Every structure is written in structure tokens, then in C-alpha cells.
Amino acid sequence: MNAILPTSREHWHEIRAQHVGGSEVASLFYLWRLADGQQAFLHMFEQPPAGAECLGCASRHTTGYRLYWQKRGVLPPENLDEVERVQAGQFLEPAIAEWAQHKWDPWPLRKVHRYLRHPRIAGMGVSRDFEEHAPGLPPVEIKNVDYLVFRDLWKTEGEEITAPPLDITLQLQHQIACEGRVRAEHGWIVACVGGNKLYRGQIARHDPTITRIEQAVAAFWQAVESETPPLDIADFDTVAEMSLLGAETRAAPLDLTADNELPILCAEFLKTDASVKASEVVRDRLKAQIAGKLGDSPETIRAAATGFNITWPLVRRGEKTHRGGLTIREC
């Protein structure tokens, strides 16, 4: 059976942990600037062309690197019940759906309680908000959107949504792909903007995008099973959080002088122009890779590489601790 009916909130969390869901799928894709200046989205386990530069994750809320460690069980999953935007959705979505039914009457929408799994791709599933009670049971994704975000990132013609942001487009195509017994040829997006304006759009099924999503999810779970982390797109915040989970204490500097790659990373880090946005992404990636070399410690980490001294302080404020700035000096 492709459909599962969760018996409790805890059961739903268990199911969700075993799948890449619609709200997570955008994190599997990263934007790269190619050597010829063109840009391309690749999933996080695709090998980028030589000379390509990673510009960041397609998701506006998390990263695929973080999701990898969450699904591995190394990092705890995000507690969605405590996220305000998720809480808001739980209360506002039914009202927005009722308003949409009234505005575009007749429009037969119904709340979805079952969890849908992809018929062929293991570990790919979705919790739909609503669906249209029509042939194919098209999914209906409801969003409560800030006016400025809508103005800058969404495309419309009158009250019709013609193109939502990429992460929402991927989410809707993911939902269309996780079909039940019938094939959906389209999905719907409904946006309540600024609390007082309602838009909707019918988005056609796009099989090339769905194929890319299926490939990304399959590669993701293969990497999880083989314990092969995607280090090329590591982000500093995730690496820093993982380091705080370590239990080893180091009093003396690490001797990494035999590591031939670390000096290259340090040199690239110092040369990067932090005033350029694209360079910030490169710096973040280099910081993540360097931090991964430093390992885990509940104390300030000091290390010596050939030609460089490295310090990564642990800052304590009351009962809370966090990693401070990564400092690299030539010596």
C-alpha cells in the first residue's frame, strides 16, 4: 500500500523520519555557477563540472547536508511542533482553504489525513495539506505568505499564480509524484498574501522535474545507507553543531602537519573576499571543510597545519555554549 494512516502525532514523526518529504526535497538541490558563467541546479550527490562554484542550497529553510545527518540519526530532527511558522500553518491553513472554497465556488477541497509514499522510490513520501476531490486527486498546497516575499519571489497574472518560488515548485511536484492509485496531471498552489489577499494557480505535472526529484531522493538514501556524507556542500553551521556533540577533550594543539589538503584549504580561506556575496558561500564551505578536519571537542580547538595556526573557540554564556569565529593565521 502506498498510503499510510498515522495513528498519532508520534507515529507521523516516525513515518516522516523514514522519508524525504515535500517540505524537505528542495534541500537536496544546490545552485552552481559553472566555469563559463552559467548557473545550474544539481542535486547534492551529482558531480559538478570542473571549475564549478557552489552558490547555495535551493531550500530557504534548511540544507541537504543537515538533512543527511538528521536522517542518519546523528543530528536530531527539527521539532516542527515548536516552529512558529509551522504552528501558524496548522491553525491558518483550514481557514485559508475554507476561504478559497468560498472564493472559487464550486471547488471541492478536502483535508488529507493519510501519508502517501511514492509507488516506486523507497524513502520518498509526503503529507499533503489538502487535495481537490477530482480525477487524479490533485494536491493543493496552501501557503501563508508575507507581502514582500510574494512580491519579490512569486510570479502572477492578476490573481493567478503562474510560478511559485523554486522550493515550493519542487514541493508541489514532489506531492504530485507521490500519487495514490491514480495519476495527478496537475497540482494547485493557494497563497494568502499579507493576510488579506488570496491567489491560486494550477501547476501542471512536469515529468522531467519529477524524474530529477526521484533521482535525488534515491541518491540521498543510498548515501545514507553507505554512510557517505556529501562533504562538497557542507555548511559551517551544521558542522559546528555536530562538533558540539563530541565528548573528547583536547588540551594540546592538534598536529595536522601531515595533512596536505588542510594548508590549501586555509590558504583559500584567507584569500577569499568576504565582501562579495558569492565569496561568502565559498568561505562558508571552506570553513565547514576546515571544521570537519578539526574534529569534535567540548573545548576550544587549536591546531597547527603547515604554515598556519588555527583556533576555533568554544564560547560559554550561562548554560549555553556555541562555537565562536574560526581564526586562521599564517605563520
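Keep in mind that this is a model prediction, so the values were computed, not measured. (Residues numbered from 1 in each chain as written. Predicted model: local features only at pLDDT ≥ 70, side-chain atom pairs only at ≥ 80, totals over all residues. Heavy atoms only, no water.)

1. Things to note about the sheet that holds strand β7 (residues 125–126)
As a general point, the strands of a sheet are linked pairwise by backbone hydrogen bonds and lie either parallel or antiparallel.
Then step 1. Judged by pairing direction, the sheet is antiparallel, and its 3 strands sit side by side in the order β1-β6-β7 without closing on themselves. Each edge of the open sheet is held by one strand with a lone partner, namely β1 (3–4) and β7.
Then step 2. For strand β6 (residues 115–117) and β7, the ladder comprises 2 bridges, and the chain directions are antiparallel. If you follow L116 over to β7, its bridge partner there is V126. (Pairing = 2+ DSSP bridges. Helix = DSSP H or I, 4+ residues; strand = E, 2+ residues; numbered from the N terminus.)

2. What about the packing of helix α5 (residues 166–177) against helix α6 (residues 207–226)?
Then step 1. Where α5 meets α6, the closest approach of the two axes is 9 Å, and the angle between their N-to-C directions is 85°. The pairing of α5 with α6 is recorded here as roughly perpendicular in orientation. In this structure, α5 uses L170, Q173, H174, I176 and A177 to contact α6, whose residues at the interface are T209, I210 and I213.
Then step 2. Within the contact of α5 with α6, the residues separate by chemical class into 5 nonpolar, 3 polar and no charged. (Axes fitted to C-alpha atoms, helices over the stretch in contact; angles between N-to-C directions. Parallel < 35°, antiparallel > 145°, perpendicular 65-115°, else oblique. Contact = heavy atoms within 4.5 Å. Nonpolar A, V, L, I, M, F, W, Y, C, P; charged D, E, K, R; others polar.)

3. Here we look at the environment of A17
Then step 1. If you trace the backbone, A17 turns up in helix α1 (residues 9–17).
Then step 2. Assessed through its relative accessible area of 41%, A17 is described here as partly exposed.
Then step 3. In the structure, A17 is positioned 200 residues away from V217 in sequence and 14 Å away in space, judged by C-alpha atoms.
Then step 4. Those residues in contact with A17, other than ones at most four positions away along the chain, are K71 and W221. (Buried < 20%, exposed > 50% of the residue type's maximum accessible area, 1.4 Å probe, protein only.)

4. Regarding the pattern of salt bridges
Then step 1. Scanning the model with the defined rule gives 20 salt bridges in all.
Then step 2. Notably, a salt bridge pairs D167 with R60, separated by 2.9 Å at the nearest N-O pair. Residue D167 is found in helix α5, and its partner R60 is found in the loop between β4 (53–57) and α2 (64–72); the two are separated by 107 residues along the sequence.
Then step 3. Classification of D167 as buried rests on a relative accessible area of 10%.
Then step 4. Classification of R60 as partly exposed rests on a relative accessible area of 42%.
Then step 5. One connected set of salt bridges, linked through shared partners, spans E179, R183, E185, R205 and D207. (Salt bridge = Lys/Arg side-chain N within 4 Å of Asp/Glu carboxyl O.)

5. Considerations on the layout of surface pockets
Then step 1. In this structure, the second largest pocket occupies an estimated 630 Å³ of space.
Then step 2. Lining the second largest pocket we find 26 residues, and of these L31, L55, G56, C57 and A58 sit closest to its centre.
Then step 3. Elements represented by at least two residues in the lining of the second largest pocket include exactly β2 (29–33), β4, α5 and α9 (277–294).
Then step 4. Among the elements that line the lining of the second largest pocket, the one with the most residues is α9, at 6 residues.
Then step 5. Its residues placed into classes, the lining of the second largest pocket shows 16 nonpolar, 2 polar and 8 charged. (1 Å grid on protein atoms, 1.4 Å probe; cavity = no way out; pocket = protein on both sides within 12 Å on 5 of 7 lines; lining within 4 Å. Points joined across faces, edges and corners; volume = space filled by probe spheres on them.)

6. Describing the packing of aromatic side chains
Then step 1. Under the defined criterion, the tally for this structure stands at 10 aromatic pairs.
Then step 2. One aromatic cluster in this structure is built from F45, Y65, Y68, W69, F220 and W221.
Then step 3. Its end group placed over the ring of F130, K111 keeps NZ or CZ at 5.0 Å from the ring centre.
Then step 4. Of note, K287 hangs over the ring of F236, and the distance from its end group to the ring centre comes to 4.2 Å. (Phe/Tyr/Trp six-rings, centres within 6.5 Å; stacked < 30°, edge-to-face > 60°. Lys NZ or Arg CZ within 6 Å of the ring centre and 35° of its normal.)

Geometric descriptors of this kind do not, in isolation, establish any biological role.
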